[in-house]
4 protein chains.
Amino acid sequence: MSSSQLIRVAVAGASGYAGGEALRLLAAHPFVEIGTLTAHSSAGSSLGEVQPHLRGLAHRILEPTTPDTLGGHDVVLLGLPHGASGQVAAQLPDDVLVIDLGADHRLESASDWEQFYGSTHAGTWPYGMPELIHAPTPGEAATDLATAARQRDKLPGARRIAVPGCNVTAVTLGLQPGVAAGVVEATDIVAVLANGYSGAGKALKPHLLASEALGSAQPYGVGGTHRHIPEIQQNLRAAGAPEVTISFTPTLVPMARGILATATAPLAKGADPEQVRAAWEAAYADEPFVHLLPEGQWPSTAMTLGANTALVQVAVDAAARRVVTVTAIDNLVKGTAGAAVQSMNLALGLRETAGLITEGVAP
Amino acid sequence: MSSSQLIRVAVAGASGYAGGEALRLLAAHPFVEIGTLTAHSSAGSSLGEVQPHLRGLAHRILEPTTPDTLGGHDVVLLGLPHGASGQVAAQLPDDVLVIDLGADHRLESASDWEQFYGSTHAGTWPYGMPELIHAPTPGEAATDLATAARQRDKLPGARRIAVPGCNVTAVTLGLQPGVAAGVVEATDIVAVLANGYSGAGKALKPHLLASEALGSAQPYGVGGTHRHIPEIQQNLRAAGAPEVTISFTPTLVPMARGILATATAPLAKGADPEQVRAAWEAAYADEPFVHLLPEGQWPSTAMTLGANTALVQVAVDAAARRVVTVTAIDNLVKGTAGAAVQSMNLALGLRETAGLITEGVAP
Amino acid sequence: MSSSQLIRVAVAGASGYAGGEALRLLAAHPFVEIGTLTAHSSAGSSLGEVQPHLRGLAHRILEPTTPDTLGGHDVVLLGLPHGASGQVAAQLPDDVLVIDLGADHRLESASDWEQFYGSTHAGTWPYGMPELIHAPTPGEAATDLATAARQRDKLPGARRIAVPGCNVTAVTLGLQPGVAAGVVEATDIVAVLANGYSGAGKALKPHLLASEALGSAQPYGVGGTHRHIPEIQQNLRAAGAPEVTISFTPTLVPMARGILATATAPLAKGADPEQVRAAWEAAYADEPFVHLLPEGQWPSTAMTLGANTALVQVAVDAAARRVVTVTAIDNLVKGTAGAAVQSMNLALGLRETAGLITEGVAP
Amino acid sequence: MSSSQLIRVAVAGASGYAGGEALRLLAAHPFVEIGTLTAHSSAGSSLGEVQPHLRGLAHRILEPTTPDTLGGHDVVLLGLPHGASGQVAAQLPDDVLVIDLGADHRLESASDWEQFYGSTHAGTWPYGMPELIHAPTPGEAATDLATAARQRDKLPGARRIAVPGCNVTAVTLGLQPGVAAGVVEATDIVAVLANGYSGAGKALKPHLLASEALGSAQPYGVGGTHRHIPEIQQNLRAAGAPEVTISFTPTLVPMARGILATATAPLAKGADPEQVRAAWEAAYADEPFVHLLPEGQWPSTAMTLGANTALVQVAVDAAARRVVTVTAIDNLVKGTAGAAVQSMNLALGLRETAGLITEGVAP
């Protein structure tokens, strides 16, 4: 596609954090023309009133979210509350690429959806995590991670894409090489995450106030209740785990963005600790956005701020018989809007990296 | 002891974070008179130059750390680098209460010390965690946690006390009720902590700079290398675990103080999930400084800022077959200087809570 | 008053930040018994649900704010929204000490009130800033600051007290020595403040969300609109300025608490720069809570966290012909609840410093 | 210049914050090829060891800073300590574009340099602030700001450029429209800034530790001593002020990046408050990177994070007879490395905006 044939992209939910970040990335995308922006309660306002950091789009007026306002685009990104995207998508033509930044279409299992979200399942869309490894045979480890099938193979031509959850992305990218290579057991994963506040969205809730957040750390969704659990299980089963059990605890820490996911899994019986690292090296050697750091260097979230990068490190704790992984991402980029753009690129046959950067804004 | 007979306390290492916090607490202690303050490179300066927040002591001059300057006190608190406290203590009379805020005298096993610290073990002192449960029979669960033996029973009359590590305190207090009651297995503990930067001390290291810390989260001591691991194991064995295996990962997050420890352990075979909470309730019903929060309320570190409080919550993740605990403390108070004062009170026969508060500085 | 005759204090608005901080201080006050706690929308909840850091009061139930619930106390502290305290106070007996943490009764000028608050003035109560200097003759500089009249002289026996605004406290304490001594001109003051978010209260507003606050600084109330302006003018006129003109700009910065006020005023014509410092030294030499730092040492807000201390520094910028002052306080302590307790002590004839500390929680 | 003829750029001091930020921007520049990277104590290391967020350059090896290693480039950026750049530049050919990110070549007055830096002046280079207004006649206001001469007119063809100081950029951009239009007096400017810590560089100093910074605000360089003062004066004289007097106080607040500059100046005698805003509108109507926000909307630093944008707002405080401006920039972008790239573009005849973005990374 030449730059003279720009892709016209609409963003529904442009007043939210996910929608705003999508616009920030799309504004720098060489092959994109930004079309209609829609919102709910902010419809009628200029974008500059609600997203003043998006200078080039400040004068754009937010429209209501309707089939009419979203019509006439090549791509529609949906940054909507849970439960709203299915209905909007149903009103858009089949040949429009619709990318859901929300949770509605991520899960394959309707019963998982109902258990964790308490509503009717909206259906399953192709999953927007290009790096996800697919085991050659369900429940079996891969022989060669470098050549294993990936989710990216399924995205070209897709016209509906569900972007993964941000926590899910961090935990999946951290652990999948070991699962796919059979060097870790997925039946007793423990993941604890340090999360920036933007992951909670713009909702006005007391525990999201700056006064409560500054100088403090607090957990949420503890004890097996977090909605990202079934999605992690789904991913690691795809990567070859016969069964996945995970204890998952996110904790809010005083930063606006970023996820630092510490995810551990038991070393598989018979696995050679000396060869664990090789699985991660093979899995990510050629990935443009997922990087295994040099041995001994650990990721920080600042290294990924504003970038579509996931930084991963792995160590074997021989005494604890566990493999420990730490993964850093920007929850709004690789965890949301960057994954959307990356998947859009693949769906439309563009270069996968178009409009995306790997350099974080640090310090 | 009447308030007219004040206890005279010296603080060695008064220019550091641990020493400064000890002074902040001692300045509010009704039965204490603050004696000599010593320092190394800051000797000769006024305390106000290095600890300007300690207003009432600003004009005190820091002395060098010698037997002479530390002589003539009832209590000497040592806030010294690893390896320095043994020598200083050896030069002080046996009837002076010496409290080591550092690591030198915490471990019972010389080989653990040598493995994790790489130097000769300085010996073991009575351990300054009054709430630590002692199993009636080694390796066996207690029948009644509310009446179980505690470390506080061993402190009256003690003249050498080793204050626990801050991370150790958080993880131990979080998990010991389940270990002591036999409702969790200690053989596959996973603990991940969100840590404030003051835990790293005043050392001038690049990763401790504000520019690197602000807006970021970063792990350290990953993969079984952290020096607090053997101390946690020692504590949980005391509480009744036949064997303790732990995967332990601290992460620095952008706050000056506080530890939020997420510590999980497998539900013991045969344990009734409905009865897990009862162990924590029994263990902490009468503790002045360790509080189990009401069901459903999770701790934050701000709730404990500046206070000697540990706030604990526990949940059973039935699907993951794990018990999840979250514990919040102020690393410099309950994690260091508050534990020292609490232990001092017990050693000297004072009310255990003298000079200590439970109200955190929040928001 | 002996400690066996405890003062019974009720707190109205106990669920807010000001009310919560008052409770934190009162819980440590040796002569106080905490009585009824009231709230509006949280009435019926336990205090532990809304102020979980106040451990010793967690089981207290919040009552509605009525003359009945507030009856039978020696002191009633009002932490209520603007406009609510006058009515509540009117229903309380005249011999009960009522302390208003809000703005309603601070201003002497009804027209100032109407201009800045847009409602009817509720009246003027004795002003709770004990350190405020009173010029011997209106509009004239004092001859000897150390012996000048202070507001504390007016508080013994008072039964209605208006606690100053937090920004007002910082700016007034910073500049009043120079005004009172006649070494600065008050006709062109410029004050810019770095403010922690708790000053904005618990209101759920988008710009107070953690995501918006973290990593950012933003001004508010710019251009002469902030309601604290007439109160600063009133104070500096009391200190001896014939006329006060001030440009006042607060800026929210990512901290939960604290005000760092940079306040400058032109050097008075004929004033000797060498003698400026002497005015500040004289003004604060004997103040228990307001400290001039040694020359060259500048205050930080962390030095005052949780303490009733104001730290002040002053310098003369000869080239700019201005005196520059920087003052640090904890907005919830010296800026609100600490000033209330200090004034209560004076009103009731207690030691002024009872229940208050000067040591900040740092780092 | 076509993209097939890439500009080859070397960066000296690539291990520092300024050098690292220059690399982050250059890596996204469509017409640039990054050449040699040099460092001092880190020479021999890979860039990934010291700047791990710069993923695409992680394998580059840092060279020592010598004429040899810096030879053969079209552009050399110097991110060196004060005093080092003059010597390096002298060894580079005259036709190489040398851009100094440091202070050495900013000031025109050797005596100003000597007074504030205490060393010999290295000389003056063309000044890299394209938006700086030049008064048609020295000391006189412009008649039409929209068509006034700018510093950008002097940059095409330049081969030595001095990038402005970050604080200087914020204060100058905030006030120059009013100075140039004659609606403010420059003889009594007061500027107070909230500064992120990266402005202090990577130096290991106690007050720059995270523990000291988190939850606190602290001033520095108070009372007329800050080295940026003469540079602000130089700029505002260029803009038309006959004389410039400024009280300047920066304050460190807990953020990694960003400057929020509150700069006020007296309303000029005879100026019509209603017409003040018109000066700012005229000055910045066509500027790609300096934006006057809509009336009533105030800038925050987060709006500019990672972007080359300066956001300005202005208000008239009629009671205080002062014009108040607030300006937000990212100190490392518009305040340093972005200004360098923007000036480089102009010097080489490229589009001024090439490789630079206006969208901030928010929230």
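These numbers were taken from a predicted model, which means no experiment stands behind them.

Caption draft 1: Layout of the interface of chain A and chain C. Across the contact, 18 residues belong to chain A and 18 residues belong to chain C. Roughly 1,400 Å² is buried in total at the junction of chain A and chain C, and carbon and sulfur atoms are behind 69% of that figure. Across the contact surface, chain A and chain C share zero salt bridges. The interface formed by chain A and chain C contains eight residue pairs in polar contact (both at pLDDT 80 or more). Sort the elements by how many residues they give to the side of chain A that touches chain C and helix α7 (residues 210-213) of chain A lands first, with four residues. Taken together, the residues of the side of chain A that touches chain C break down into 13 nonpolar, two polar and three charged.

Caption draft 2: Summary view of the relation of the copies chain A and chain B. Under the fitted operation, chain A is carried onto chain B by 0.0 Å of movement along the axis and a turn of 180°, and the coordinates agree to an RMSD of 0.0 Å. Look at the turn and shift together and you get a two-fold axis relating the two. Interface residue correspondence from chain A to chain B reaches 100%, placing this contact among same-surface, isologous pairings.

Caption draft 3: Inspection of the packing of aromatic side chains at higher detail. The full count for this structure, using the stated rule, is four aromatic pairs over all chains. Summarising the aromatic geometry, the rings of W113 of chain C and Y117 of chain C are spaced 3.8 Å apart at their centres and angled 5° between planes, so their arrangement reads as stacked. With W113 of chain C and Y117 of chain C both in helix α5 (residues 110-117), this residue pair falls four residues apart, about one helical turn. Accessibility classification places W113 of chain C together with Y117 of chain C in one group, the buried group. The side chain of R160 of chain A reaches across the aromatic face of W125 of chain A, ending 5.9 Å from its centre.

Caption draft 4: Just the UniProt feature "active site" (unreviewed entry) in chain A, in detail. Residues and elements named next belong to chain A. The UniProt record marks C166 with the feature "active site" (unreviewed entry), using the residue numbering of this structure. Relative to the helices and strands, C166 is located in helix α6 (residues 166-181). What makes C166 buried here is its relative accessible area of 13%. Not counting chain neighbours up to four residues away, the residues in contact with C166 comprise H228, I259, I329, N331, G335 and T336.

What counts and how
Residues numbered from 1 in each chain as written. Chains lettered and ligands numbered in written order. Predicted model: local features only at pLDDT ≥ 70, side-chain atom pairs only at ≥ 80, totals over all residues. Heavy atoms only, no water. Contact = heavy atoms within 4.5 Å. Buried area = accessible area lost by both parts, 1.4 Å probe. Salt bridge = Lys/Arg side-chain N within 4 Å of Asp/Glu carboxyl O. Polar contact = N/O pair within 3.5 Å; in protein donor to acceptor, adjacent residues only side chain to side chain. Helix = DSSP H or I, 4+ residues; strand = E, 2+ residues; numbered from the N terminus. Nonpolar A, V, L, I, M, F, W, Y, C, P; charged D, E, K, R; others polar. Least-squares fit on C-alpha atoms with pLDDT ≥ 70 in both. Phe/Tyr/Trp six-rings, centres within 6.5 Å; stacked < 30°, edge-to-face > 60°. Buried < 20%, exposed > 50% of the residue type's maximum accessible area, 1.4 Å probe, protein only. Lys NZ or Arg CZ within 6 Å of the ring centre and 35° of its normal. UniProt positions renumbered as here; feature names shortened; annotations may be inferred.

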